[in-house]
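# Close look at the chain arrangement
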Amino acid sequence: MQEENSGIQTVDSQISICFALKTHAFPEAADLARKLSAISDQIFLYAATSMSLSPQDTTTLLTAFARFEIEAGDRERALADPRSPQLAQAALEREAARQAVLRKAFFQHDYSIVQEPLRHVANHLGIKLPAAASEQARLLAYEATRVMLDASQEKVRRDQGEFPGPSPYFSSVIAEQSNPGANAQTPTTMTSISPTDKEEAMKLFPRSWFASSKASPLQTEVLEEHTPAPSTPTQEEGLHALLRSRGVLQSCSPEVLAALKKGGAMEVSDGFLVYTALKSAGFGDEWQRHQKPDKAVGDKWQKSSLSSVRTASKIWAEEFRAKEFTQASPDDIESTIEMIRRLSKYHGKGRKYTAKSYRALNAKVDKREAAAMDAAEREARRNGITNEAEIRDLRMAKAEPRLRVNTFVRLVRSVNRVGTMLKKLGVIEVNPFDICSFTNREEKALKATEALLEREPWDDRFDEFLASPVFQGKANGDADPLFWMPLIAALMGLRSEEAAQLGPMDVQWDSKVAYVIVRQELGDSVKSANATRKVPVHPALIELGFLELAERAKKNSQRRLFPSLKRGANKGTYTENFTKTFGYYRRTNDVYWHGLDFHALRTTFHHRLLDASCPGAHRRKLMGHEPLDEGEKSYAQKGISMPSLLKEVGKVPFDTARVRSPLADYPKALHEGNRLRLVHRSAS
């Protein structure tokens, strides 16, 4: 006989016992075979008596199995926090998906789904399960699957307040009243079931078995086929009641309501849709309480923030397309944040900065940048440059600008604001995007990594700017904003929108001093309450004919001093279009320097005031900055006279001979005051 490693396998498929014959003699082999047969008989007898469940153990196991399921559900229901109608509906839908999984197990005769929870209960009771491949194990799995289906159906009924009978405590009281002589007894049903610790029960039946990303193919197939049940009138009324309690219902369009009905199943694009609609309606960020919408607040938000939120919506919706809002994973979120950090500053502007996706655009820019850097290095080495620091500088000169830190932070924070809104409204329980926030320390560290490009005051390059065509007789009409607005910013400190929205009635007089009113009126906007102010007209602007311009606009019944300006389509501000026009003008006339933009002219005015030792209260009043103390806040408006403010404004130097006014016969010396007095009389 050949030596073999053949073996005898018991009923338990995990046990294998092998006996080597180790002989070539037939008589010895026959004797060994008889002995092995006797041993195998003993093994099979042991398996038959010890590896199977007794009827009593089977009943105990399945009864405990059902009891743990029901008790876990009851304790979870009793101790859970209050939830919104949407979350309650989502729980019912999850239980429906669970039942679908169990029914398909019966349909396909595949009861493997119950093995893990059954094993947990058996270990808890100290009962050894039969071999998985045995007939008894299959019968046990079949019955356990039935128990799980029954328990799930019972859970749905109890979640909706439908119980198999009255409360045992209520029954005890009724029995006591029916038999007054009997002592009140603790309900039998409550004493017969030993209490199970909530945590222990949840360990036995974790809900994640039916909603895990590691679900079996059977579970995954059924869960993917399951679609949320349509909202019933009761659920819809619950949603309406919730939104009404926050004051937002009347501002919700059918499209917004449809998104909110999805609850936690809504996509990121749905969340941004709701956020944009409610913020545009004028709601603040205190979503947890009742609010009152304000159209003016909504209009201002649209001008200042809508464009940025739309961009954020495109980015986050593209990254999380077809994914439920609440199912966003931290890894995917962090990957998107990293992608945004690498976005080009000019993304979406022209074919050079567009691609099929934002990630594709990053790859496109990276490839172009690397090629330009390598070409610069090759050229430098061909020219005999060997200094590695110089070569590095030449390479970095070819780097394409990425998003500024402020823009990056704003785009990342937007999705967290959406999630915070949904959570405070009670639509979702958890905001997975709460990691999309930055501490002050993190933001400061980010800003330390980028080049310092803070706005600086204009230097001698302002002379080059004034030598450009629009200031040398090539202005487009008397009211060309390219001529007047930069001078108003440099000599009076107005922001671009403040200058653009000036009207003839905003030019007034006080103590024989001409001034402009920067104010909030219908259709206009200022940056803050402090920005509302009166600023004396700089003497140089009067020489150039600014008051004459205002007089002509008034006679022509113009609402604005610069009627050629049009509001932008996105933000609804004059600045939106003028900024593009101003940038184009500077580039085409070779007077463009990064950092020296329109707002830097206002910065220049502020620096000129500092150089002239302008008192702080005067400076803050002229700039529209927050008062330093209560004295300034309450009394400065009347306490600082217009002549006193004019004295400080007049310290900002400007030679009108350097420019040619668009108005004929200007500039004029201040002593030629006939026309000035005419404007004074007409304004009064």
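All values reported here derive from a predicted model rather than from experimental measurement. Per chain, residues are indexed from 1 in the order of the written sequence. Note on the predicted model: pLDDT of at least 70 is required for a residue's local features to be given, and 80 or more for side-chain atom pairs to be given and counted; whole-chain, interface and lining totals, by contrast, use all residues. Excluded from the side-chain calculation are hydrogens and water; included are all heavy atoms of the structure.

Strands here are runs of E lasting at least two residues and helices are runs of H or I lasting at least four, both read from the DSSP assignment and numbered beginning at the N terminus. Helices and strands together make up the secondary structure of the protein, namely 29 helices and five strands. The rule is simple: take the accessible area with a 1.4 Å probe, protein chains only, and divide by the maximum for that residue type; under 20% is buried, over 50% is exposed, in between is partly exposed. Counting the 684 residues in the protein, one finds 41% classified as buried. By definition in these notes, contact holds between two residues if any of their heavy atoms fall within 4.5 Å. Within the protein, counting contacts between residues at least 6 apart in sequence, those at least 24 apart form 69% of the total.

The next thing to look at is the sheet that holds strand S4 (residues 513-518). Paired strands, in this sense, are two strands between which DSSP finds at least two bridges. Here we have three strands laid out as an open sheet, ordered S3-S4-S5, and antiparallel in their pairing. Among the strands making up the open sheet, the edge pair consists of strand S3 (507-510) and strand S5 (533-536). Each strand of the sheet is rotated relative to its neighbour by a mean of 40°, with strand direction disregarded. Sheet topology places S4 next to S5; four bridges connect them, and they run antiparallel. Counted as the bridge partner of Val 516 is Val 535 from S5. Interaxial angles span 0 to 180 degrees and are taken between N-to-C directions of axes, which are lines fitted to C-alpha atoms, for helices over the stretch in contact.

Turning to the pairing of S4, a few remarks are in order. Counting buried positions along S4 gives six out of six residues, so the element sits mostly inside the fold. Side-chain alternation along S4 places Val 513, Tyr 515 and Ile 517 on one buried face and Ala 514, Val 516 and Val 518 on a second face that is also buried. One ladder, built from four bridges, connects S3 with S4; its direction is antiparallel. Residue Trp 509 lies in a different strand from S4, and its bridge partner there is Ala 514. Counting the residues in the hairpin turn of S3 and S4 gives two residues, including Ser 511, whose phi is positive at 55°.

Okay, the environment of Pro 643 next. The topology assignment puts Pro 643 in helix H28 (residues 642-649). Note on Pro 643: relative accessible area 36%, which makes it partly exposed. Discounting chain neighbours no more than four positions away, the residues touching Pro 643 are Ser 511 and Val 513.

It is worth spelling out the pattern of salt bridges at this point. Opposite charge on two side chains permits them to pair, given that their charged atoms come into close proximity. Within this document, salt bridges are pairs made up of a side-chain nitrogen of Lys or Arg and a carboxyl oxygen of Asp or Glu, the two lying within 4 Å of each other. One pass over the structure, following the stated rule, counts 36 salt bridges. Across the pair Arg 289 and Glu 286 runs a salt bridge whose closest N-O atoms are separated by 2.5 Å. Here Arg 395 ties to Glu 377 by a salt bridge, and the two come within 2.9 Å at their closest N and O atoms. With a gap of 18 residues between them, Arg 395 in helix H16 (residues 388-396) and Glu 377 in helix H15 (residues 358-382) connect regions that are remote in the sequence. Given the relative accessible area of 21%, Arg 395 is considered partly exposed. Classification of Glu 377 by relative accessible area gives partly exposed; the value is 22%. Through salt bridges with shared partners, a single network forms among Glu 69, Asp 74, Arg 77, Glu 95, Arg 98, Glu 154, Lys 155, Arg 157, Arg 158 and Asp 159.

Every buried residue belonging to H28 is among Met 642, Leu 645, Glu 648 and Val 649, and all of these are buried. Here the buried residues of H28 occupy an arc of 120° about the axis, which is enough to place them on one side. Where H28 is buried, its residues touch helix H20 (481-492), S3, S4, S5, helix H25 (598-611) and helix H26 (616-623). What the arc covers is the set of directions going from the helix axis to the C-beta atoms.

Glancing now at the packing of aromatic side chains. Side-chain rings of Phe, Tyr and Trp (the six-membered ring for Trp) are treated as a pair once their centres are within 6.5 Å; stacked means planes under 30 degrees apart, edge-to-face means over 60, and tilted covers the remaining angles. Summed over all chains, the structure comprises 23 aromatic pairs. Here the aromatic rings of Phe 483 and Trp 484 are separated by 5.0 Å at their centres, their planes lie at 85°, and the arrangement is edge-to-face. Each member of the pair, Phe 483 as well as Trp 484, carries the same accessibility label: buried. An aromatic cluster is present here, built from Trp 458, Phe 462, Phe 465, Phe 471, Phe 483, Trp 484, Phe 546, Phe 578, Phe 582, Trp 593 and Phe 598 joined pairwise through their rings. Here, over-ring charges are defined by two tests on the NZ atom of lysine or the CZ atom of arginine: distance to the ring centre within 6 Å, and angle to the ring normal within 35 degrees. Directly above the ring of Tyr 353 sits Arg 368, whose terminal nitrogen or CZ lies 5.1 Å from the centroid. Stacked on the ring of Tyr 592, the Lys or Arg Arg 587 has its end atom at 5.6 Å from the ring centre.

The complete set of buried residues in helix H11 (residues 254-261) reads Val 256, Leu 257, Ala 259 and Leu 260. Around the axis of H11, the buried residues are gathered within 160° of arc, so they sit on the same side. Exposed residues pointing more than 90 degrees away from the buried face of H11 are listed as Pro 254 and Glu 255. Of the residues flanking the end of H11, it is Gly 263, one or two places downstream, whose phi is positive at about 60°.

At a closest axis distance of 10 Å, the pairing of helix H2 (residues 55-79) and helix H4 (residues 115-125) adopts a crossing angle of 110°. Viewed along their axes, H2 and H4 adopt a mutual orientation that is roughly perpendicular. Note on packing geometry: the crossing formed by H2 with H4 is right-handed. Packed against H2, whose contacting residues are Thr 60, Leu 61, Ala 64, Phe 65 and Phe 68, the element H4 presents Pro 117, Leu 118, Val 121, Ala 122, His 124 and Leu 125 at the interface. By the definition adopted for this analysis, an angle is roughly parallel if under 35 degrees, roughly antiparallel if over 145, roughly perpendicular if from 65 to 115, and oblique otherwise. Two helices crossing with the near one rotated counterclockwise from the far one by less than a right angle form a left-handed crossing, whereas a clockwise rotation gives a right-handed crossing.

Bringing the confidence of the model for the protein into the picture now. pLDDT expresses how confident the predictor is about each individual residue, on a scale running from 0 to 100. Within the protein, residue pLDDT values average 81, and 79% of them lie at 70 or more. Model confidence for the protein, summarised as mean pLDDT per element, is weakest for helix H29 (residues 674-683) at 36 and strongest for H20 at 96. In the model, residues 1-14 has pLDDT below 50 throughout and makes 28 contacts with residues more than four positions away in sequence or in other chains. A low-confidence stretch, residues 188-196 (pLDDT under 50), is modelled with 13 contacts involving residues beyond four sequence positions or located in other chains.

Our focus in this paragraph is the side chain of Glu 648. Examined against the element boundaries, Glu 648 turns out to sit in helix H28. We classify Glu 648 as buried; its relative accessible area is 6%. If sequence neighbours within four positions are ignored, Glu 648 has contacts with Leu 609, Cys 614, Pro 615, His 618 and Leu 622.

Right, let's talk about unusual backbone geometry for a bit. Although it is not a glycine, His 109 adopts a positive phi angle of roughly 55°. Its relative accessible area of 56% is what places His 109 among the exposed residues. Even without being a glycine, Ser 613 presents a positive backbone phi close to 55°. Assignment of secondary structure puts Ser 613 in the loop between H25 and H26.

A few words now on the side chain of Arg 619. Summarising the element assignment, Arg 619 is placed in helix H26. Beyond its immediate chain neighbours, meaning those up to four positions away, Arg 619 contacts His 606, Leu 609, Leu 610 and Cys 614.

On to the packing of helix H13 (residues 295-319) against helix H14 (residues 330-341), then. At a closest axis distance of 11 Å, the pairing of H13 and H14 adopts a crossing angle of 135°. By the angle between their directions, the pair H13 and H14 is classed as oblique. Of the two possible hands of crossing, H13 and H14 adopt the one that is right-handed. Residues Ile 315, Trp 316 and Glu 319 of H13 form the contact with H14, whose own contacting residues are Ile 333, Thr 336, Ile 337, Met 339 and Ile 340. Ten residue types, Ala, Val, Leu, Ile, Met, Phe, Trp, Tyr, Cys and Pro, are classed as nonpolar, four, Asp, Glu, Lys and Arg, as charged, and the remainder, Gly among them, as polar. Partitioned by chemical class, the residues of the contact of H13 with H14 number six nonpolar, one polar and one charged.

Moving on: the environment of Arg 560. Along the chain, the position of Arg 560 falls in the loop between helix H23 (546-555) and helix H24 (574-588). In this structure Arg 560 comes out as buried when scored by relative accessible area, which is 9%. Residues Arg 560 and Asp 506, 54 residues apart in the sequence, show an inter-C-alpha distance of 9.3 Å. Whenever a nitrogen or oxygen atom comes within 3.5 Å of another N or O atom, the pair is scored as a polar contact, on the condition that within protein one atom can donate a hydrogen and the other can accept it, and that pairs from neighbouring residues in sequence are kept only if both atoms are in side chains. Within polar-contact distance, the side chain of Arg 560 engages the backbone oxygen of Gln 501 at 2.6 Å.

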